[in-house]
Amino acid sequence: MKVQICMNNKTKRIALFALSLPLLVTSCGNKEANSGQAPEFAVQTLQTTRIGLESSYPATIQGKQDVEIRPQVTGFITQLCVDEGATVHKGQALFKIDQTQYKAAFDQAEAGVASAEANLETMTSTEAQKKMLHAKGIISDFEYQTAVNNLLAAKASLAQAKAAYASAKQNLGFCTVTSPSDGVTGTFPYRIGSLVSPSVAQPLTTVSQIGEMYVYFSMTEKELLELTRAGGTLKEQLDKMPAVKLQLADGSIYEEEGRIDAASGVIDPSTGSASMRAVFPNSKHILRSGGTGNIIIPYEIEDIVIPQSATQEIQDKKFVYVLQPDNTVKHTEITIFNLDNGKDYIVTSGLKDGDQIITEGIQTVQNNMKITPITAEQKEAKYQQALQDQRDGNIESAFK
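Before going into details, it helps to say that this report is about the structure given with it. Computed from a prediction, not measured in an experiment: that's the story for all the values here.

Here is what the cut-offs are and how they apply
Residues numbered from 1 in each chain as written. Predicted model: local features only at pLDDT ≥ 70, side-chain atom pairs only at ≥ 80, totals over all residues. Heavy atoms only, no water. Axes fitted to C-alpha atoms, helices over the stretch in contact; angles between N-to-C directions. Helix = DSSP H or I, 4+ residues; strand = E, 2+ residues; numbered from the N terminus. Parallel < 35°, antiparallel > 145°, perpendicular 65-115°, else oblique. Left-handed = near helix turned anticlockwise from the far one by under 90°. Nonpolar A, V, L, I, M, F, W, Y, C, P; charged D, E, K, R; others polar. Buried < 20%, exposed > 50% of the residue type's maximum accessible area, 1.4 Å probe, protein only. Polar contact = N/O pair within 3.5 Å; in protein donor to acceptor, adjacent residues only side chain to side chain. Pairing = 2+ DSSP bridges. Core = buried A, V, L, I, M, F, W, Y, C linked by side-chain atoms within 4.5 Å. Contact = heavy atoms within 4.5 Å.

## Thoughts on the packing of helix α2 (residues 100–135) against helix α3 (residues 141–174)
Remark: α2 packs on α3, axes separated minimally by 7 Å, with the N-to-C direction vectors making an angle of 160 degrees. As far as their axial angle goes, α3 and α2 are roughly antiparallel. Along this stretch, α2 crosses α3, giving a crossing that reads as left-handed. For the contact of α2 with α3, the per-class residue count stands at 19 nonpolar, 8 polar and 11 charged.

Laid out in C-alpha cells, this is it:
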C-alpha cells in the first residue's frame, strides 16, 4: 500500500531546515576545531578600588536608665496617676498608697515636736533662774546641776521628736510614688486595691529614660583584637569607628545613626565574645527598652576587588586563573577578606594591580591552558550579535 503525503510550501521549508540543522552544527564544530584558535574567555584587569561593606550583629535595646519603681511603705494602692507606657517627668506622681496610718503617725510626730519644744522652753527658763540663784548661793550645786541636766534632757527629747517627725513625714511622702527621672513607664502588675510593700516580688513599674538608648551587641574576640592592634587604646579605636546603623525588628533601618561608645573588658568564655555598646538618639521615642534589632557597622576598604564568579573553592581555599604573558592561565591561590557584599570578594593576597584574571566560564578552564583573552564588553557584544542573528534567521553566523 502506498501512502501519499501532502505538504504545503511552508511545511517543506521547515522540514528542510530541520534536516540541514545537524549538518550546520557539524560544519560549525568542524570549522572551530580546524581553525586552531584558542577559545575566547573574558578577562578583567585588576586595580585597587575602594569598596564599602557592612557587618551585622544581633542586638538588644535598653533605655539609658531603666529604674525599677518599688514602694517604700506598706499599704493599699489607692490611685494610678498615669497609664502604662506614659511619658513622665522627674518628680511626677505615678501611684498613691493609702496614707491613713502614715498621716496619723505624722500628726503624732508633729505634736511630739511641739511638746518637746515647749518643754525645752520651760527647762531653759528654769536653768537660767537656777543659775542666778546658784550664783548668789541661795541653792546648792546639786539643785543647779539638776536644772542643767533637765535642760540637756529637754534638748535631747526635742531632737528625738524631730527625728520621729522627719521619719513620719518621709513615710507620708512615700505614699505618693514619683518618677525618679524623665522617661516612659512600663507595665503595671499591681492595680488599685493591691497591697504592696517594699518586699514585693515585682516592681510597681519601670521608668525607662529613652531620650537616648543603649544598644548592646557582641563582637568576637578576634574582631576585638583587630581593633586593639590597629594602634592606640581601645577607647581611641572606638572613637575612630564610623557611625553605625540599627536595623529594627521589622527589617527597616532606624532613621538616626548611633556611635559605639563602650566595650567590655572581659571576654565571655562560654561564647568567646565581648559585649559592645552603641548609643542612639531617640527623640521621637521610636526605640523601646527591651526591643531587638541588628547593629550594622560599615567598613570602607581599599584593595583589589574581584567578582565571586571568577573564583573556585577547593578544600576551603580560593583560586583564580591568572593570565600569563603567553596567554596561558595559571591556577593561583588567593586569600580574601572575611566580609563580602554577596557578589564580590576583597583580595588580601595572591593578586596585584595589573593582573588579569578570567571572570567567567572558569569551570571549563585548566591550568596552563592557552586562551584568547577578550574583554567582558566584547563578549557581551558577541552574545548580543548572536541573538540578533538567530532572530534574523542568520543561522550560520549565529553559531560562529
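Still more to cover.
## Regarding unusual backbone geometry
Unusually for a residue other than glycine, His 285 sits at a positive phi of about 60 degrees. Given a relative accessible area of 27%, His 285 falls into the partly exposed group. Positive phi, close to 65 degrees, is recorded for Asp 316, a residue that is not glycine. Of note, Asp 316 is situated in the loop between β14 (312–314) and β15 (317–323).

## So, the side chain of Thr 328
Structurally, Thr 328 is set in the loop between β15 and β16 (329–336). For Thr 328, a relative accessible area of 16% gives the class buried. A distance of 2.6 Å separates a polar atom in the side chain of Thr 328 from a polar atom in the side chain of Asp 326.

## With respect to the pairing of strand β5 (residues 93–97)
Across 3 bridges, strand β3 (residues 75–80) lies against β5 in antiparallel orientation. Across the sheet, Gln 79 pairs through a bridge with Lys 96, a residue of β5. Relative to strand β6 (residues 176–178), β5 runs antiparallel, the two sharing 3 bridges. Following the sheet pairing, Lys 96 is matched in β6 by Thr 176.

## What to know about the nonpolar core
If you look at the biggest cluster of nonpolar residues, it comprises 24 residues, and the most contacted ones within it are Phe 217, Leu 246, Ile 260, Phe 280, Leu 287, Ile 295 and Ile 297. Every element with two or more residues in this core is listed here: β2 (48–69), β9 (205–220), β10 (245–248), β12 (273–281) and β13 (292–307). If sequence neighbours within four positions are ignored, Leu 246 has contacts with Ile 61, Val 215, Ser 252, Ile 253, Tyr 254, Phe 280, Leu 287, Gly 293, Asn 294 and Ile 295. Residues Ile 77, Val 88, Ala 109 and Leu 172 belong to the second largest nonpolar core, which totals 22 residues.

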